[in-house]
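Here is what each chain is made of, one letter per residue.
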Amino acid sequence: DIPDFAKAPISLSGVMISTTPRPPVAEVEALAAFAPVVPSTVREFDNSQRVRAFLRVYQGGGKPVVPITIGAQVLDGQNRVVAEQRDTLATGQFGTARTADYYFEVPVRALAPGEYLLRIEAKGSETFRRDVMFSVR
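Notes on the structure follow. (Residues numbered from 1 in each chain as written. Predicted model: local features only at pLDDT ≥ 70, side-chain atom pairs only at ≥ 80, totals over all residues. Heavy atoms only, no water.)

1. Description of the pairing of strand S4 (residues 50-58)
Taking burial as the measure, the nine residues of S4 include seven buried ones, the bulk of the element. Pairing analysis gives two bridges linking strand S1 (residues 11-12) to S4, with the strands arranged antiparallel. Residue pairing across strands places leucine 12 opposite valine 57, the latter belonging to S4. Where strand S2 (residues 16-20) and S4 come together, five bridges link them in antiparallel fashion. Each bridged residue has a counterpart across the sheet, and for isoleucine 17 the counterpart in S4 is alanine 53. With eight bridges joining them, S4 and strand S7 (residues 99-106) adopt antiparallel strand pairing. Following the sheet pairing, phenylalanine 54 is matched in S7 by tyrosine 103. (Buried < 20%, exposed > 50% of the residue type's maximum accessible area, 1.4 Å probe, protein only. Helix = DSSP H or I, 4+ residues; strand = E, 2+ residues; numbered from the N terminus. Pairing = 2+ DSSP bridges.)

2. Focus on the sheet that holds strand S8 (residues 114-123)
Sheet architecture is open: five strands sit in the order S3-S9-S8-S5-S6, paired in mixed fashion. In this open sheet, the two strands that pair with only one neighbour each are strand S3 (44-45) and strand S6 (81-89). Pairing between strand S5 (residues 68-75) and S8: seven bridges, direction antiparallel. Bridge pairing in S8 links glycine 71 to glutamate 121.

3. Thoughts on the nonpolar core
Formed by 29 residues in total, the largest nonpolar core has its most connected members in Val57, Leu118, Ile120 and Phe134. Elements with a contribution of two residues or more to this core: S4, S5, S6, S7, S8 and strand S9 (127-136). Once residues within four sequence positions are removed from consideration, phenylalanine 134 is found in contact with Arg43, Phe45, Val74, Val106, Val108, Leu111, Gly114, Glu115, Tyr116, Leu117 and Leu118. (Core = buried A, V, L, I, M, F, W, Y, C linked by side-chain atoms within 4.5 Å. Contact = heavy atoms within 4.5 Å.)

4. Quick word on the packing of aromatic side chains
Using the criterion set out here, one finds three aromatic pairs in the structure. Seen from their ring centres, phenylalanine 45 and phenylalanine 134 are 6.0 Å apart, and the 50° between their planes marks the pair as tilted. Residue phenylalanine 45 is located in strand S3, and its partner phenylalanine 134 is located in strand S9; the two are separated by 89 residues in the primary sequence. Accessibility classification places phenylalanine 45 together with phenylalanine 134 in one group, the buried group. (Phe/Tyr/Trp six-rings, centres within 6.5 Å; stacked < 30°, edge-to-face > 60°.)

5. Things to note about the pairing of S8
By the bridge criterion, 10 bridges tie S8 to S9 in an arrangement that is antiparallel. Note that in S9 the partner of glutamate 115 across the bridge is serine 135. The turn joining S8 and S9, which pair antiparallel and follow one another in sequence, is formed by three residues.

Right under this line is the structure:
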């Protein structure tokens, strides 16, 4: 399903993962028109990398923009929370396009080798979630 960002009260983009150092990417300038990060398709990381997750929160419709509670969790292979961040996107963070950007620094340097799930949830009148699986070597 492709959400109608202009009509849905709240919707989320997909999660983009960026890394530093980043792998070679063609057309970096073309990507900049769509997102403030250079996304990577890599989902296996080592503890020398900086890994950031990014998504965009949309508030459509004609009602006034409201604060959105948003958070990220990293769950290990046993479904235990090993990292967590909670934030609020205030109304002032939503621009004229009724969007706000959210970033989460994935703490790969503190994670043991293994499989993980990054879960990002946004709550307004409803709860919306995006999940990304990744591994640390």
